[in-house]
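So you can see what is in the structure, the chains are spelled out below.
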Amino acid sequence: QVHLVESGGGLVQPGASLTLTCVASGRSISTYGMGWFRQPPGADREFVAGISQSGRQIQVGYFVKGRFTVSRDHSNNTVTLQMNDLSPEDTAIYYCAADPDDSHLRSHLSSYKFWGQGTQVTVSA
């Protein structure tokens, strides 16, 4: 069993940056594919970014447009989402997810078996 806890969310102004961190416990996630998803108010959960177990394969959502970077640290059992140039449209609850099979279908919610509780990101002037 893997337990995921996200942190780093908050209220920021447009154009600001935030770094979200997902800490895993229970077992090592070094062999897992990891993903970030978000759920805007009143909308479905959507894919933000995914990273392979090796860290060499990365996939991002269409709206990222070079603003977000996903990375992982095996030694600390963490995954990080660096978000720059935030806009009000980025307001959402952000979730970390773990895929034991490291599937190539990183943007699919069904690929992920374990989920965190989410962290709120609000972008507002």
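Located above this text is the structure these notes cover.
Residues numbered from 1 in each chain as written. Predicted model: local features only at pLDDT ≥ 70, side-chain atom pairs only at ≥ 80, totals over all residues. Heavy atoms only, no water.

**Q** Describe the overall build of the protein chain, and please don't skip the residues or the numbers.
**A** Within the protein chain, the secondary structure is distributed over 0 helices and 11 strands. Judged by the C-alpha coordinates and their principal axes, the protein chain covers about 40 × 25 × 25 Å. Restricting to contacts in the protein chain with at least 6 residues of sequence separation, those with at least 24 account for 60%. Carbon and sulfur atoms provide 48% of the accessible area of the protein chain, an area that totals close to 6200 Å². (Helix = DSSP H or I, 4+ residues; strand = E, 2+ residues; numbered from the N terminus. Contact = heavy atoms within 4.5 Å. Areas by Shrake-Rupley, 256 points an atom, 1.4 Å probe, with all protein chains shown as cover.)

**Q** Quick one: what's the story with the packing of aromatic side chains, residue by residue and with numbers?
**A** Inspection of every chain in the model, using the stated rule, returns 6 aromatic pairs. Ring geometry for phenylalanine 37 against phenylalanine 47: centres 5.5 Å apart, planes inclined by 70°, an arrangement best described as edge-to-face. Here phenylalanine 37 is found in strand S4 (residues 33-39), whereas its partner phenylalanine 47 is found in strand S5 (residues 46-51), with 10 residues between them in sequence. For phenylalanine 37, a relative accessible area of 0% translates into the label buried. Relative accessible area serves as the criterion here: at 10%, phenylalanine 47 is assigned to the buried category. Between phenylalanine 37 and tryptophan 115, the ring centres sit 5.1 Å apart and the planes meet at 55°, which makes this aromatic pair tilted. Here the residue phenylalanine 37 occupies a position in strand S4, and tryptophan 115 occupies one in strand S10 (residues 114-115), the gap between them amounting to 78 residues. (Phe/Tyr/Trp six-rings, centres within 6.5 Å; stacked < 30°, edge-to-face > 60°. Buried < 20%, exposed > 50% of the residue type's maximum accessible area, 1.4 Å probe, protein only.)

**Q** Describe the side chain of threonine 119, and please don't skip the residues or the numbers.
**A** Secondary-structure assignment places threonine 119 in strand S11 (residues 119-123). The class of threonine 119 is buried, set by a relative accessible area of 10%. If sequence neighbours within four positions are ignored, threonine 119 has contacts with Glu6, Ser7, Gly8, Gly9, Leu20, Ala92, Ile93 and Tyr94.

**Q** An account of the nonpolar core is needed here, citing residue identities and associated values.
**A** In terms of nonpolar packing, the biggest core is built from 29 residues, with Leu4, Met34, Trp36, Phe68, Leu81, Met83 and Tyr94 touching the most fellow members. Residue assignment for this core shows that the elements contributing at least two residues are strand S3 (18-25), S4, S5, strand S7 (68-73), strand S8 (78-83), strand S9 (92-99) and S11. Discounting residues that sit within four places of it in the chain, tyrosine 94 has contacts with Glu6, Leu20, Phe37, Arg38, Val48, Phe68, Leu81, Met83, Gly118, Thr119 and Val121. (Core = buried A, V, L, I, M, F, W, Y, C linked by side-chain atoms within 4.5 Å.)

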